[in-house]
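Descriptive analysis of the structure
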Amino acid sequence: MSARVGVIQFPGTNCEFDTVDAIRALGGDADVVWHRDTSIAGYDAVVVPGGFAHGDYLRPGAIAQFSPVMDAVSEFAVAGGPVIGICNGFQVLTEVGLLPGALQKNAGLSFCCRAQTLEIAAVDHVLGHGLSVGERVEIPINHFEGNYVCSQETLAQLRAEHRVVFRYVDNPNGSIDDIAGVCNEGRNVVGMMPHPERATSALLGSEDGARLLTSLLKAVAG
Amino acid sequence: MTYDVLVEVSPRRGIADPEGSTIERSLPALGFDGVSEVRVGKAIRLRVEAPSAEAAAALVEDMCSRFLTNPVIEDARVEVHS
């Protein structure tokens, strides 16, 4: 049985089909799950993909945190289920409180859309299988509000617990400590601004994202 | 009673404000010198039913902490008008 991944769709999400296609191409099974669904039963992992959930009104993720499906996603995450937030999905997971910190407007107010080199900072989490600490990968970014901020206490805790999982090489957006992705205490919830689903074939400029998604499928398989 | 409430949301002290600093850097080009501490936030206006002004303020402060602001990066000031 291949791993079954639920990809959450809010009004305004726009990366759900790319994510589903990428997971299927890697041998996983994936479906789009509408935000009004109240159950994610039957799924082995959840991806909250990129886009502009609820138009990003008020602030990115502010309204999505109250979408009915998010209660089920939170319960699943707290029980140890793998949950990945990509770009807007990362913003949603911080608003829900599954991940610490927040994402604000990029330094210099630049919209960043480009190939981005990342350094792998930790591998003992659901996206890290098969990667090595210190290794560099190339995964595109596409965001206006990806500037990661948190309190000094939170930053110290994230560093002490090795929960910064990806760092930017040549920080594009002003994120504190060059943070591109973090995980929760249980290491089953990962949020990242770069888009691994857009780096799954040499034709797209990089296949490095496929390694991350393959790690997710392996984490599910155990 | 009906109260008109103004919520002023601003970036927390110590949190970088990219919009504020971009505006601050642009002002001298237009001849506005000597401007500092530019901060950009947002204003949210609401009309609420509550038994008193204090109750209206408490209600809106609860909205702020649970929804209208992200306390990691934003502060809110609530002003109640009858």
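Throughout, a residue's number is its position along its own chain's written sequence, starting from 1. Key to labels: chains lettered from A, ligands numbered from 1, both in the order written. Thresholds applied to this predicted model are a pLDDT of at least 70 for local features of residues and 80 or more for the giving and counting of side-chain atom pairs; totals over whole chains, interfaces and linings are not thresholded and use all residues.

1. With respect to the overall build of chain B
- Tallying secondary structure elements over chain B gives two helices and three strands in all.
- Going from N to C terminus, chain B has its helices and strands arranged as β-α-β-α-β.
- For 82 residues, the compact-globule formula gives about 12 Å, and the C-alpha radius of gyration of chain B, at 16 Å, lies well above that figure.
- Considered along the principal axes of its C-alpha atoms, chain B spans approximately 50 × 25 × 15 Å. Helical segments are the DSSP runs of H or I of at least four residues, strand segments are the runs of E of at least two, and each set is numbered from the N terminus. Within these notes, the globule rule equals 2.2 Å times the number of residues to the 0.38 power, and the radius of gyration is based on C-alpha atoms.

2. A short note on the confidence of the model for chain B
- The score called pLDDT rates the predictor's confidence residue by residue, from a low of 0 to a high of 100. Mean pLDDT over chain B stands at 95; residues scoring 70 or higher make up 100%.
- Reported for the predicted complex are a pTM of 0.95 and an ipTM of 0.88.

3. Looking at helix H3 (residues 88-96) of chain A
All names here are of chain A.
- Of all nine residues in H3, nine are buried, a share of seventy percent or more.
- Note on burial: count the other C-beta atoms lying within 10 Å of the residue's C-beta; 20 or more is buried, 12 or fewer is exposed, in between is partly exposed, and C-beta positions come from the backbone. Turning to H3, its buried residues number three or more, namely Asn-88, Gly-89, Phe-90, Gln-91, Val-92, Leu-93, Thr-94, Glu-95 and Val-96.
- C-beta atoms are first placed from the backbone for all residues, and any pair lying within 7 Å is then listed as a contact. Buried residues along H3 sit in contact with strand E3 (45-48), helix H2 (69-78), strand E4 (83-86), strand E5 (102-104) and strand E13 (189-192).

4. Examining the nonpolar core
- By definition, a nonpolar core groups buried Ala, Val, Leu, Ile, Met, Phe, Trp, Tyr and Cys residues that connect through C-beta atoms lying within 7 Å of each other. By size, the foremost hydrophobic cluster in this structure holds 69 residues, and its most contacted members are Val-46, Val-73, Val-165 and Leu-216 of chain A.
- When near neighbours in sequence (up to four residues on either side) are disregarded, Leu-216 of chain A contacts Ala-45, Pro-82, Ile-84, Val-126 and Leu-127 of chain A.
- Counting five residues, the second largest nonpolar core, distinct from the first, contains Val-5, Ala-56, Val-60 and Leu-68 of chain B.

5. With respect to unusual backbone geometry
All names here are of chain A.
- Of note in the backbone geometry, Leu-109 takes a positive phi value of approximately 55° without being a glycine.
- Relative to the helices and strands, Leu-109 is located in the loop between E5 and strand E6 (112-114).
- In this model, His-162 sits at a positive phi of 50°, which is unusual for a non-glycine residue.
- Secondary-structure assignment places His-162 in the loop between helix H4 (152-160) and strand E11 (164-168).

6. Here we look at the sheet that holds strand E1 (residues 2-11) of chain B
Residues and elements named next belong to chain B.
- At least two DSSP bridges between two strands are required for those strands to pair. With respect to topology, three strands assemble into an open sheet ordered E2-E1-E3, the strand pairing being antiparallel. Edge strands, defined here as strands with exactly one partner in the open sheet, are strand E2 (42-49) and strand E3 (74-81). Strand-to-strand twist across the sheet, computed as the mean angle between neighbouring axes with direction ignored, equals 25°.
- In this structure, E1 lies alongside E3, joined through eight bridges in antiparallel fashion. In the strand pairing of E3, Pro-11 is matched with Glu-74.
- Fitted lines through C-alpha atoms give the axes, limited to the stretch in contact for helices. The angle between two N-to-C directions lies from 0 to 180 degrees. Sitting on the sheet, helix H2 (residues 53-68) is in contact with E1, E2 and E3, with an inclination near 155° to E3.

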